[in-house]
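# A look at the structure
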Amino acid sequence: MKIALVGNQNSGKTTLFNHLTGSNQKVGNWPGVTIERKEGQIKGTDLMVVDLPGIYSLSPYTSEEEISIKYIIEECPDMIINVVDATCIERSLYLTTQLLELDTNVIIALNMCDIIKKKGIFIDNKQLELLMGARVVMISSLKNTGIKELIKVIKTKQIITNPHNKIFSNEIERIITKINPCKKHKRFISIKILENDLLYANLKSDVIEIEVSHIEKRYGCKIDEIIANLRYNYIMKIKSECFNQNPQKKSMTDKLDKLFLNKWLAIPIFIFIMMLVYLLAVGVVGSKTVFMVNKLFANLNETTSSYLNSIGVSNWIVSLVCNGIITGVAAVLSFIPQLIILFLCISLLETTGYMSRITFLLDRLFLRLGLSGKSLIPFIIGSGCSVPAIMSTRIIENDYEKRITIICTPFIPCSAKLPIIVLFSGYFFNEYSGLIIVSLYFLAILVIIISALILKCFIKSTSTSYISELPEYRFPSIKYIFFDVWDKTLIFIKRAGTTILLFSIITWFLLNLSFTGFAMNIKDSILASIGNIFAWIFYPIIGEWSWAATVAAIQGLVAKEQVVSSMTIIAGLTESTNTSKQLFASGNLFGFFNPASAYAYIVFCLFSAPCVSAIASMKKELGTKKRMWGAIVFQTVIAWIFSVFIFIIGSTIIMIVG
Amino acid sequence: MNKLKVGDKGYLVDLCKGQKALVIGLCNDNKSIKRRLLDMGITTGVEVMIKKISPMGDPVDIYLRGYELCIRKKDMKGIIVKVIE
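Here the structure is a predicted model, which means the values were calculated and not measured.

## As for the overall build of chain B
Looking only at helices and strands, one finds two helices and six strands in chain B. Each helix (α) and strand (β) of chain B, taken in turn from the N terminus, gives the series β-β-α-β-β-β-α-β. Taking 85 residues into account, the globule formula puts the C-alpha radius of gyration at 12 Å, and chain B, at 12 Å, falls close to it. Each principal axis of the C-alpha atoms in chain B carries an extent, and together these give about 30 × 30 × 25 Å.

Set out below in structure tokens:
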């Protein structure tokens, strides 16, 4: 049996899904966290649950809502659990009235029952059950109460079938029966046809049109308004019979918003919070931990090589294991402590409710750039990883704002780009490295602004809108945050053990083989030959014909942290506790780097075409291959222009100063 | 801009922070935005209140039906209201 979780955005469907199935799917406190359909099995049963993106009605407005509505209407789940936010019962029940018109059985899960008590709200669930004509179960998916009863109700199918709500007048009911589209969900589709819904326009007949115009005349407004009004009137009547609320004092949310949405303080607070996140992750924690982890791997490297030598393994295998595999993987893994802090901060931003405030705060500014305030959500998620960030653009209503957002999202330095930044800035800018990191984030913002303005000229604009809800602040579940950070970190570690490992081995082979056999000198290696083909691209950025820096940057396409791995493998570093010092020592392959070329090189790696996984999700969300290539070329050209520009300015400064 | 007083009819966009009003009707040209506003509960007779305004002046946060809805001023122009407080 398949059971669909349906409800308003931010009503707690995914939290319920996680409880039912024991998984840890992404949750958050803003409308539109879930953007895909996810399936799972209820623990200890053979019941399948399907988690769907939140919807406010059965008329789609954004692409992620379309996913839900298509599923509900076309794929016909065996049962719908309608998750209703008890703190916002009026708007939630509006969807319920539509769901009850379908041919599918509905159970109402009245969620957030822990919060309504605090708010002095009382709901008579038995009365509600009677009036709505559907089974009502009180639950709290955050506190995990009522879930057992819900499962029991599902299993025993204690449902009320064939409810018939008296929402519309006899006159309208008569037209509804007359339409009779002979399809599944007859009643629902009849009403849609009556409402003049564009999706069902082909099923319309002229006879009805005349009757509709009579009704419109009598009510004095359009039929879609009449239907919506009647639905809400019906809900108000039910609410008055089973809902009671004590007058409440000023809520915590209002107090917090006085500060976070303050006319003068809001923007400085926002900038402060974002800077704090990056400084904490990259600056404070980073500088303390990278050294420690590096030392750990240096020890591992030493023990492994002496062990392998002692058992008489041939030299080239020792080199492959130590100079290739361990060095490459370790170069990436040493950044894990920083990533944990970054993931933790992002998770907190997502779950507390501040994310929605940011979109509300900056919508006006973003509108000028051809973006929506909602573009901020992908940008912030993007500082973790571009892939989920690009997917989250689905919540943006307008296709043109969405496309610009998708192209700009990879400009945000993601967690995999952190290693590159830290490696270079730590060595070339020492005590100023924190400042350099912050400057790169500001540069990213500048690049986004300029790109958006350019793209605005190419992508045709249509009228846009921003309709969203501002959720209350919530205290996040510590258990969820723990697992969220754990999952994301695990993905990073897994990538180090798979993709990075594989490419480290490939890099090692290409470095040690020439076209004729073993390369005696790495200048003759296959890798050097490949690098030399493309080195002209990087010459204006780093001021040096370097095949090594070229191949490292190109390998960033695999995964951005691979740049760091490749560099350490190419430089042949093994027993080092201070990678950057050795890497950039004069005489080494990367010895030519100076602060100007280092900064320019980081900029290119940051803003040029993202890694393949991000490219794949760009293709998926942009829709066509042509648009995807357009985006890649655009990003790379922008990155190249910026880095050349920075190199010229930087070199000039260095010349003048010293 | 003249401030709307109690009993006045006008558009939601002209209301000041803290003012309450009843919705009388919708006259948005864009059908899908109108659909969305109806679905979000902006129907005839509902009480709305301007609760928060973004520091940059737009969008606006409206309190209705027990929750807070954010919309741009542009889309509020189509909502006809009668001021009650």
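## As for the interface of chain A and chain B
Each partner contributes to the interface: chain A provides 48 residues, whereas chain B provides 37 residues. Note on chain A versus chain B: buried area summed over both sides is about 3,600 Å², and carbon and sulfur give 54% of it. Of all residues in chain A, Phe-360, Arg-364 and Ile-467 of chain A give up the largest surface area on contact with chain B, accounting jointly for 18% of the area buried on that side. Our count for the contact surface shared by chain A and chain B stands at 10 salt bridges. Residue Asp-254 of chain A is joined to Lys-52 of chain B by a salt bridge in which the shortest nitrogen-to-oxygen separation is 3.6 Å. Linking chain A with chain B are 21 residue pairs in polar contact (both at pLDDT 80 or more), by the criterion used here. Of all elements in the fold, only helix 3 (89-99), helix 10 (223-242), helix 11 (252-260), helix 12 (266-310), helix 15 (354-368) and strand 9 (467-469) of chain A reach the threshold of two or more residues within the side of chain A that touches chain B. Of the residues forming the side of chain A that touches chain B, the biggest block, eight residues, is contributed by helix 15 of chain A.

## Describing the packing of aromatic side chains
All names here are of chain A. Taken as a whole and judged by the stated rule, the model has 23 aromatic pairs over all chains. Plain terms: the ring middles of Phe-424 and Phe-584 are 5.1 Å apart, the flat faces sit at 45 degrees to each other, and that makes the pair tilted. On the criterion of sequence distance, the pair formed by Phe-424 in helix 19 (residues 418-428) and Phe-584 in the loop between helix 25 (579-583) and helix 26 (595-607) is long-range, its members being 160 residues apart. The same class applies to Phe-424 as to Phe-584, namely buried.

## Quick look at the side chain of Thr-327 of chain A
For Thr-327 of chain A, the location among the structural elements is in helix 13 (residues 315-333). For Thr-327 of chain A, a relative accessible area of 7% translates into the label buried.

## A word on the packing of helix 22 (residues 526-542) of chain A against helix 23 (residues 547-555) of chain A
Residue and element names in this part refer to chain A. At a minimum axis distance of 6 Å, the contact between helix 22 and helix 23 shows a crossing angle of 90 degrees. In terms of orientation, helix 22 lies roughly perpendicular with respect to helix 23. Here Leu-527, Ala-528, Ile-530, Gly-531, Asn-532, Phe-534, Ala-535, Phe-538 and Ile-542 of helix 22 come into contact with helix 23, specifically with Trp-547, Ala-549, Thr-550, Val-551, Ala-553, Ile-554 and Gln-555. The residue inventory of the contact of helix 22 with helix 23, partitioned by class, reads 12 nonpolar, four polar and no charged.

## Quick look at a nonpolar patch on the surface
On the surface, a cluster of nonpolar side chains totalling about 530 Å² of accessible area is made up of Ile-271, Met-275, Leu-279, Phe-442, Ile-445, Ile-449 and Leu-453 of chain A. Taken together, the elements giving at least two residues each to the nonpolar patch come down to helix 12 and helix 20 (433-458) of chain A.

## What about the environment of Ile-467 of chain A?
Mapped onto the fold, Ile-467 of chain A is located in strand 9. As a C-alpha pair, Ile-467 of chain A and Ile-396 of chain A span 71 residues in sequence and 9.7 Å in three-dimensional space. If we skip the residues at most four places from it in the chain, Ile-467 of chain A touches Tyr-61, Lys-374 and Glu-397 of chain A together with Ile-33, Arg-36, Leu-37, Met-40, Leu-69, Cys-70 and Ile-71 of chain B.

## Comments concerning the environment of Asn-594 of chain A
All names here are of chain A. Tracing the sequence through the fold places Asn-594 in the loop between helix 25 and helix 26. The exposure class assigned to Asn-594 is partly exposed, which follows from its relative accessible area of 27%. A sequence separation of 60 residues divides Asn-594 from Ile-654, and the C-alpha atoms of the two residues are 9.2 Å apart. With near-sequence residues (within four places) excluded, Asn-594 lies in contact with Phe-428 and Ile-654. Engagement of the side chain of Asn-594 in a polar contact is seen with the backbone nitrogen of Ser-597, the distance being 2.8 Å.

## Concerning the sheet that holds strand 2 (residues 38-41) of chain A
Strand pairs in the sheet, formed through backbone hydrogen bonds, run parallel or antiparallel to each other. Residue and element names in this part refer to chain A. Sheet architecture is open: six strands sit in the order 2-3-1-4-5-7, paired in mixed fashion. One side of each edge strand has no neighbouring strand; the edge strands of this open sheet are strand 2 and strand 7 (135-138). Sheet twist, expressed as the mean angle between neighbouring strand axes with direction ignored, is 25 degrees. For strand 1 (residues 2-7) and strand 3 (residues 48-51), the ladder comprises four bridges, and the chain directions are parallel. For Ile-3, the partnering residue across the bridge sits in strand 3 and is Val-49.

## Structural notes on the sheet that holds strand 5 (residues 67-71) of chain B
Across the sheet, seven strands lie side by side as 9(A)-5(B)-4(B)-3(B)-2(B)-6(B)-1(B); this open sheet has antiparallel pairing. Looking at strand neighbours, the two that pair on one side only are strand 9 of chain A together with strand 1 (9-11) of chain B, the edges of this open sheet. Strand after strand, the sheet turns through a mean of 40 degrees between neighbouring axes, direction not considered. Sheet topology places strand 4 (residues 60-64) of chain B next to strand 5 of chain B; five bridges connect them, and they run antiparallel.

## With respect to helix 3 of chain A
Most of helix 3 of chain A sits out of view: 11 of its 11 residues are buried. Residues of helix 3 of chain A that are buried include every one of Ile-89, Glu-90, Arg-91, Ser-92, Leu-93, Tyr-94, Leu-95, Thr-96, Thr-97, Gln-98 and Leu-99 of chain A, and no others.

Scoring rules and cut-offs
- Residues numbered from 1 in each chain as written.
- Chains lettered and ligands numbered in written order.
- Predicted model: local features only at pLDDT ≥ 70, side-chain atom pairs only at ≥ 80, totals over all residues.
- Heavy atoms only, no water.
- Helix = DSSP H or I, 4+ residues; strand = E, 2+ residues; numbered from the N terminus.
- Rg over C-alpha atoms; globule rule 2.2 N^0.38 Å.
- Contact = heavy atoms within 4.5 Å.
- Buried area = accessible area lost by both parts, 1.4 Å probe.
- Salt bridge = Lys/Arg side-chain N within 4 Å of Asp/Glu carboxyl O.
- Polar contact = N/O pair within 3.5 Å; in protein donor to acceptor, adjacent residues only side chain to side chain.
- Phe/Tyr/Trp six-rings, centres within 6.5 Å; stacked < 30°, edge-to-face > 60°.
- Buried < 20%, exposed > 50% of the residue type's maximum accessible area, 1.4 Å probe, protein only.
- Axes fitted to C-alpha atoms, helices over the stretch in contact; angles between N-to-C directions.
- Parallel < 35°, antiparallel > 145°, perpendicular 65-115°, else oblique.
- Nonpolar A, V, L, I, M, F, W, Y, C, P; charged D, E, K, R; others polar.
- Patch = residues over 30% accessible without salt bridge, like charges linked within 9 Å, V, L, I, M, F, W, Y side chains within 5 Å.
- Areas by Shrake-Rupley, 256 points an atom, 1.4 Å probe, with all protein chains shown as cover.
- Pairing = 2+ DSSP bridges.

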